[in-house]
Amino acid sequence: MSDTPRSLLITSIGKAFAPRPDSPYRVDLLQADCLYCREGRIEAWLDSASQAAEIEALRRKGLPLCDASDALLLPGFVDSHTHPVFFAHRAEEYEMRNAGRDYLEIQRAGGGILSSRRSLMAADPAELKARVRQRLKRFLRLGTTTVEAKSGYGLSVEHELLSLRLLKELDAESPMPRLYPTLLAAHSVPPEHREDREEWFRRINEQILPVVVREGLAKHADAFCEPAVLSLQETETLMSRAREAGLGIKLHAEQIESAGGGALAARLGALSADHLEEIDEAGIQAMVEAGTVFALLPGSTYFLGMERWAPARRIIEAGGRIALCTDFNPGSSHIQSMPFILSLATCRLKMSAEEAVWAATAGGALALDAAGEIGCLEPGAAADLCLWPFQDLAQLPYTCGDNRPARVILGGEVLGQEE
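What comes next is a walk through the structure. Residue numbers here run from 1 along each chain, matching the order of that chain's written sequence. Totals for whole chains, interfaces and linings use all residues, but because this is a predicted model, local features are given only for residues with pLDDT of at least 70 and pairs of side-chain atoms are given and counted only at 80 or more. Values shown for side chains rest on all heavy atoms present in the structure; no hydrogens or waters enter the calculation.

Turning our attention to the packing of aromatic side chains. Two rings from Phe, Tyr or Trp (for Trp, the six-membered ring) form a pair when their centres are within 6.5 Å of each other. A pair whose planes differ by under 30 degrees is stacked, one over 60 is edge-to-face, and the rest are tilted. By the definition in use, this model includes seven aromatic pairs. The interplanar angle of 55 degrees and the centroid separation of 5.6 Å between the aromatic rings of Phe 86 and Phe 328 together place this pair among those described as tilted. Pair noted here: Phe 86 is in the loop between strand S8 (77–82) and helix H2 (91–98) and Phe 328 is in the loop between strand S15 (322–324) and helix H13 (338–347), with a separation of 242 residues, a long-range link. Of the two residues, Phe 86 and Phe 328, neither departs from the other in class, the shared state being buried. Both rings, one in Tyr 302 and one in Phe 340, keep their centres 5.4 Å apart while their planes meet at 75 degrees; by these two values the pair is edge-to-face. In this pair, Tyr 302 sits in helix H11 (residues 298–303) while Phe 340 sits in helix H13, placing the two residues 38 residues apart along the sequence. The classification of residues rests on relative accessible area computed with a 1.4 Å probe and restricted to protein chains. Under 20% of the type maximum is buried, over 50% is exposed, and intermediate values are partly exposed. For Tyr 302, a relative accessible area of 46% corresponds to the partly exposed category. Phe 340 gets classed as buried once you look at its relative accessible area, which sits at 18%. The secondary structure listing takes helices from DSSP runs of H or I that are at least 4 residues long and strands from runs of E that are at least 2 residues long, numbered from the N terminus.

Put into structure tokens, the structure is as follows:
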């Protein structure tokens, strides 16, 4: 996202719902119908009935105006788990799964992550960048103003760094969601290193990680912690090294097997453990005690045709904090719509509309170590906002399908409909 802060006065807001960063699952209805944004941040909430003079004084300053036309206002969504840096689609695998072949079977046959690796390595860098740019702009149109974006389909020193450098270049463009890049070189072990896994881990630690830190290419590191991919010990060694280098830690864990990935995330002090369809009670308790965010990805459960959904109600009852994410990727969740994820969260995870909205905004910010900065309506927070053509919060997950905001405001700038 470019550094061009804007000031703006939003008037005639129908209802404004504020997710509270410090109060899990609390979303307050604000008693105000005007919002003053100054230099890209939320400055003050105003009520036209009792603060007409203050509003008129701001109007006389010649501020850009946005008439909300009684729309519902929310912070922009914070999607804290996505994989947008890929080249080709994998629709053929969707067909294979629907014919009965499972995720690991497809991967062992050369599909999955390795299929995306081959297409990315063969891609023209300019065309790859154009495709990723298009995907990131679509996130904005769907109401997502912050995107965590992973590498992980390069799986070589050259192409992992290429992926992250591409994200850094796109982050400087405008308009673009706020990007939180994540190093996911530990997404899998490349075929050429299957007989010597330690050599790939050495390359991550000695040839990729130092460059990432030196060039500021990522804020976080991640690993696919599943017995069929990386062991607990391998994951712990890699992520401990990344943490020592100054990166925040996130883990793919407990998606396919219950193997202790959630407890490992807690022990590592990870910001989040993601997926968690197979997490057990001990893992839930460990994450709650450590304050690790439970990043749930119901889109991948849906897309893969799996029967077991993440235990959101058990997590909430145990005191856990949830982030909802799309897991957008070419193979297991080709979904960019956070409103659709809210529908899945309410229908399948049995979350309330209020819980789901909090998890998709303030919860996502927690998972990125950015609570109070994004995903909320607190004074001083980024003025990343969406105006929705609804009258109440429940209509957001209820309206399932092509559900998108009437207006998106990014850093105090009202974006055009095409952006």
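Next up on the list: the sheet that holds strand S3 (residues 27–30). Pairing is mixed in the open sheet, where six strands are placed in the order S3-S2-S7-S16-S17-S18. At either margin of the open sheet sits one strand with a lone partner, and together these are S3 and strand S18 (413–414). Pairing between strands is defined by DSSP: at least two bridges between them are needed. Two strands pair when backbone bridges link them, and strand S2 (residues 15–19) and S3 are joined in this way by four bridges, in the antiparallel orientation. Note that in S3 the partner of Ala 16 across the bridge is Leu 30.

Another point: helix H4 (residues 113–122). Most of H4 sits out of view: seven of its ten residues are buried. Those residues of H4 lying buried are Ile 113, Leu 114, Ser 115, Ser 116, Arg 117, Ser 119 and Leu 120.

Contact geometry of helix H6 (residues 157–171) with helix H7 (residues 197–215) gives a least axis separation of 10 Å together with a crossing angle of 25 degrees. The angle between the axes of H6 and H7 places the two elements in the roughly parallel class. In this structure, the crossing between H6 and H7 has a hand that is right-handed. Taking contact as the criterion, the partners of Val 157, Glu 160, Leu 161, Leu 164, Arg 165 and Lys 168 in H6 are, on H7, Trp 200, Arg 203, Gln 207, Ile 208, Val 211, Val 212 and Glu 215. Partitioned by chemical class, the residues of the contact of H6 with H7 number seven nonpolar, one polar and five charged. Every angle, taken between N-to-C directions, lies between 0 and 180 degrees, and every axis is a line fitted to C-alpha atoms, over only the stretch in contact when it is a helix. In these notes the angle categories are as follows: under 35 degrees is roughly parallel, over 145 is roughly antiparallel, 65 to 115 is roughly perpendicular, and the rest is oblique. Should the near helix be turned anticlockwise from the far one by less than a right angle, the crossing is termed left-handed; should it be turned clockwise, right-handed. Any two residues having at least one pair of non-hydrogen atoms within 4.5 Å are treated as being in contact. Each residue gets one of three labels, nonpolar for Ala, Val, Leu, Ile, Met, Phe, Trp, Tyr, Cys and Pro, charged for Asp, Glu, Lys and Arg, and polar for the others, Gly among them.

The geometry of a pair of packed helices is captured by two quantities: the angle between their axes and the separation between those axes. In the contact formed by helix H9 (residues 261–268) and helix H10 (residues 281–290), the axes pass within 8 Å of each other and the chain directions differ by 20 degrees. Between H9 and H10, the angle is such that the two are roughly parallel. You can see that H9 and H10 cross each other, and the crossing is left-handed. Contact residues: H9 offers Gly 262, Ala 263 and Ala 266, while H10 offers Gly 283, Ala 286, Met 287 and Ala 290. The residue inventory of the contact of H9 with H10, partitioned by class, reads five nonpolar, two polar and no charged.

Moving on to the nonpolar core. Taken as a class, soluble globular proteins show a tendency for nonpolar side chains to be buried jointly. Only buried Ala, Val, Leu, Ile, Met, Phe, Trp, Tyr and Cys residues count toward a nonpolar core, and they belong to the same one when joined by side-chain atoms within 4.5 Å. Counting 107 residues, the largest nonpolar core has Ile 208, Val 212, Phe 294, Leu 296, Ile 322, Leu 324 and Met 351 as its most contacted members. Counting residues per element, this core draws most heavily on H7, at seven residues. Core analysis: the second largest hydrophobic core is formed by 20 residues, Ala 16, Leu 30, Cys 37 and Ala 68 among them.

Bringing the pattern of salt bridges into the picture now. In the sections that follow, a salt bridge refers to a side-chain nitrogen of Lys or Arg positioned within 4 Å of a carboxyl oxygen of Asp or Glu. Overall, the coordinates contain 23 salt bridges when judged by the stated rule. Residue Arg 202 pairs with Glu 206 through a salt bridge whose shortest N-O separation is 2.9 Å. Note that Arg 202 and Glu 206 are positioned in helix H7 at a spacing of four residues, about one turn of the helix. The class of Glu 206 is partly exposed, set by a relative accessible area of 47%. Several salt bridges share partner residues, and in doing so they unite Arg 20, Arg 26, Asp 28 and Glu 378 into one network.

In short, the description is geometric, and any link to function would need to be established separately.
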